[in-house]
Amino acid sequence: MSKRSIKILDTTLRDGEQTPGVALTPEQKLEIAKALDELGVDIIEAGSAITSEGERQAIKMISNAGLNAEICSFTRALRSDIDAALACDVDSVHLVVPTSDLHLQYKLRKSRGEVKEMALDAVRYAIEHGLTVELSAEDASRSDLTYLKEIFLSGIEEGAHRVCVCDTVGVLTPERAYELFAEIVQTVDVPVAAHCHNDFGMATANTVAAVRAGAQEVHVTVNGLGERAGNAALEEVVLALTQFYDVETRIQLKKLYEISRLVERHTGMPVSPTKAIVGENAFSHEAGIHTAGVLAHPLTYEPIAPEMIGHRRRLVFGKHVGSHAIENELRRMGLEPTKEQVREIFEQVKKLGDRGKMVTDAELRAIVDAVMGRTFEEIVKLEELTVVSGNKVTPTASVRLRFEDKQVTESGLGVGPVDAAINAIRKVVEGMSNIRLQEYHVDAISGGTDAVVDVVVKLTDGKRIVTARGTSGDIIMASVQAMLNGVNRLLWDRKLGGSE
Ligand code: KIV
Ligand code: ZN
């Protein structure tokens, strides 16, 4: 028997962009839309055409980019919104009409009859203009069921191709979602979509319940972005459906991690390390029992292989580390430590971890070098750094580095002095090697204006990733130190040519 298959409508570019603090340029939207298309999303809600000139430019670019996905614009039940969508060459409209008395009374100040008329007029108008129409009921989960059905049934009579039930403020539970969706699925003869918000942390569970009740389409966003607590996360819904319910989608699972990072970069909304599926820690292990288990058989502490979604496993070294993990890491580095050396490294890592800090890769390598009598050479050295910042000047840094036997000078601008200094170093490093800064974290170790700060960076050369730390009373120097520590580790590892 063939598997049941459902459609994915991704609304990262509309509901996701409504995340407070997020605004994407048309170019960024186009890049994300292309990635969503490659991921296998069926419908891309590219934005709301009525919003602004920039939004229309973005939607139009996406519509004309030759993507496989259906390109959709959000519209209210207004002819002007539909005209704006038409001007962007979209395939479909996500035509939204509020249905709860709360919204009718306080937001629209209209009666049920008036709102129904508006909805039907808009559906008719969109159909007449050749658009595919998904008629969506906003706040459906708090609406009178009879009225909700009436809106859907009369909209379908006017030609709506699909309907969508919105749990706008995330008040459904999986049981209630199942009942509501089963009721709507039995009432209408067009596909039903689920649009669930995460106010109570149940968006994924409610979306899955909707699918179990017969919904044929789900609305999701990458990383669960969206208004307030966000929408159901694409990666969570897709994984739950395919892993636990034998429901198929067209999503290429291997691209999930990559698109999560792309959206994180463009939206500036950091993905929590503990975020399900795509968080940095989703496949990281530190505790001794866990790392030993994972090394013996990954499935002991991982529900799926990280490679399945394009992620990777990481063993983290800190106070919970086990000697087994240390030994494994040393062997992975091509070393053959004695039992005493493993013990010594294990003790030193624990000691560092006991200070309440994660042990970075660069620190672990320094311990290993010291214990095993290995040499380490700084390939890049800081010779001079000047930073200018102030009230009416753009923060600027100039840096002179010695890169093996060459002296390299660069300058960089930034939003602040730290950014300027990092940008200057970045230019040298990216020019001479292909090392990129992936993450930057800063922590004050002590309080007060004379606080000692601790900067941890994550760098990659595409093949390897290293974390490194810099600690100083001066945030610029701490940042520069962290960068150079990481860069030197990567370059040294590369020079040794091992698997480190
Ligand atoms: O959450 C919601 O109800 C929405 C609609 C406006 C579609 O995003
Ligand atoms: Zn929404």
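Residues numbered from 1 in each chain as written. Chains lettered and ligands numbered in written order. Predicted model: local features only at pLDDT ≥ 70, side-chain atom pairs only at ≥ 80, totals over all residues. Heavy atoms only, no water.

Another aspect to go through is the sheet that holds strand β15 (residues 406-413). Neighbouring strands of a sheet are bound in pairs by backbone hydrogen bonds; such pairs are parallel or else antiparallel. The sheet built from three strands is open, its strands ordered β13-β14-β15 with antiparallel pairing. Since the sheet does not close on itself, it has two edges, and those belong to β13 (380-388) and β15, each with one partner. Averaged over neighbouring strand pairs, the angle between their axes works out to 15° when direction is ignored. Here strand β14 (residues 396-403) runs beside β15; their pairing, made up of eight bridges, is antiparallel. Its bridge partner being in β15, S398 is matched across the sheet by S411. Relative to the sheet, helix α15 (residues 417-432) contacts β13, β14 and β15, its axis offset from that of β15 by approximately 140°. Here helix α16 (residues 475-496) sits on the sheet and contacts β13 and β14; the angle it forms with β13, its principal contact strand, is near 155°. (Pairing = 2+ DSSP bridges. Helix = DSSP H or I, 4+ residues; strand = E, 2+ residues; numbered from the N terminus. Axes fitted to C-alpha atoms, helices over the stretch in contact; angles between N-to-C directions. Contact = heavy atoms within 4.5 Å.)

Regions of empty space are outlined by a rolling probe, equal in size to a water molecule, passed over the atoms. Within this structure, the stated rule accounts for one cavity of 30 Å³ or more. The calculated volume of the largest cavity comes to roughly 30 Å³. As for the largest cavity, its lining consists of R314, L315, V316, F317, M358, V359, D361 and T467. (1 Å grid on protein atoms, 1.4 Å probe; cavity = no way out; pocket = protein on both sides within 12 Å on 5 of 7 lines; lining within 4 Å. Points joined across faces, edges and corners; volume = space filled by probe spheres on them.)

Per the counting criterion, the structure on display carries 40 salt bridges. A salt bridge links K29 to E17, with the nearest nitrogen and oxygen atoms 3.2 Å apart. One end of the pair, K29, is in helix α1 (residues 26-39); the other, E17, is in the loop between β2 (7-10) and α1, with 12 residues separating them in the sequence. Here K29 falls in the buried class, since its relative accessible area comes to 0%. Between E384 and R400 there is a salt bridge, with the nearest N and O atoms lying 3.1 Å from each other. With E384 in strand β13 and R400 in strand β14, the pair connects residues that are 16 residues apart, well separated along the chain. Relative accessible area serves as the criterion here: at 40%, E384 is assigned to the partly exposed category. If you follow the salt bridges from partner to partner, you end up with R261, E264, E280, R312, E439 and K458 in one network. (Salt bridge = Lys/Arg side-chain N within 4 Å of Asp/Glu carboxyl O. Buried < 20%, exposed > 50% of the residue type's maximum accessible area, 1.4 Å probe, protein only.)

Turning to the packing of helix α8 (residues 203-212) against helix α9 (residues 234-244), a few remarks are in order. The N-to-C vectors of α8 and α9 enclose an angle of 45°; their axes lie 9 Å apart at closest approach. Our classification of the angle between α8 and α9 gives oblique. Judged by the sense of rotation from one axis to the other, the crossing of α8 with α9 is right-handed. Contacts between α8 and α9 involve T204, T207, V208 and V211 on the former and, on the latter, E236, V237, A240 and L241. Class assignment for the residues of the contact of α8 with α9 results in five nonpolar, two polar and one charged. (Parallel < 35°, antiparallel > 145°, perpendicular 65-115°, else oblique. Left-handed = near helix turned anticlockwise from the far one by under 90°. Nonpolar A, V, L, I, M, F, W, Y, C, P; charged D, E, K, R; others polar.)

For helix α13 (residues 339-354), spanning 16 residues, the distance from its first C-alpha to its last is 22 Å, which sits close to the expected 22 Å at 1.5 Å a residue. All of the buried residues in α13 are Q341, V342, I345, F346, V349, L352 and G353. When α13 is viewed along its axis, its buried side chains cluster within an angular range of 135° and face the same direction. Turned more than 90 degrees from where α13 packs its buried face, K339, E340, K351 and D354 sit exposed. At its buried positions, α13 is contacted by α12 (323-332) and α14 (361-372). G356 lies just past α13 and shows a positive phi near 90°. (Expected span 1.5 Å × (residues − 1). Arc of directions from axis to C-beta.)

On to the pairing of strand β3 (residues 43-48). Among the six residues in β3, six count as buried, and that is most of the element. Two strands pair when backbone bridges link them, and β2 and β3 are joined in this way by two bridges, in the parallel orientation. The partner of D10 across the bridge, within β3, is I44. With respect to chirality, the unit in which β2 leads through α1 into the neighbouring parallel β3 is right-handed. Across five bridges, β3 lies against strand β4 (residues 70-76) in parallel orientation. Opposite E45, over in β4, you have C72 as the bridge partner. On the question of chirality, the crossover connecting β3 to the parallel β4 by way of helix α2 (residues 53-63) is right-handed. (Right-handed = clockwise from strand over helix to strand, strands pointing away.)

Our next topic: the site of ligand 1. In the vicinity of ligand 1, the contacting residues are R14, D15, F74, H94, V96, E138, C166, T168, H195 and H197. One of the side-chain N or O atoms of R14 is found 3.1 Å from an oxygen atom in ligand 1. H197 is positioned with one of its side-chain polar atoms (N or O) 2.9 Å from an oxygen atom of ligand 1. Protein coverage of the free-state accessible area of ligand 1, which is 260 Å², stands at 93%. (Near = heavy atom within 4 Å. Polar contact = N/O pair within 3.5 Å; in protein donor to acceptor, adjacent residues only side chain to side chain. Areas by Shrake-Rupley, 256 points an atom, 1.4 Å probe, with all protein chains shown as cover.)

Partitioning the chain into structural domains gives domain 1 (4-267), domain 2 (284-372) and domain 3 (380-496). The straight-line distance from the C-alpha centre of domain 1 to that of domain 2 is 44 Å. If you look at the interface, domain 1 gives six residues, while domain 2 gives seven residues. Looking at the side of domain 1 facing domain 2, the largest losses of area belong to L253, K254 and Y257, adding up to 71% of the total buried there. Across the domain 1-domain 2 interface, the total number found is zero salt bridges. In terms of residue class, the side of domain 1 that touches domain 2 is built from four nonpolar, one polar and one charged. (Domains from an automatic or database assignment. Buried area = accessible area lost by both parts, 1.4 Å probe.)

This part covers helix α11 (residues 288-296). Of all the positions in α11, only G288, T291, G293 and V294 are classed as buried. Looking at the buried positions of α11, the neighbouring elements they touch are β11 (284-285), β12 (314-315) and α12.

Spatial strand order, β2-β3-β4-β5-β6-β7-β8-β9: eight strands in a closed barrel with parallel pairing. In this sheet, neighbouring strand axes are inclined to one another by 25° on average, regardless of whether the strands run parallel or antiparallel. Against the sheet, α1 contacts β2 and β3, and its axis sits at roughly 165° relative to β3.

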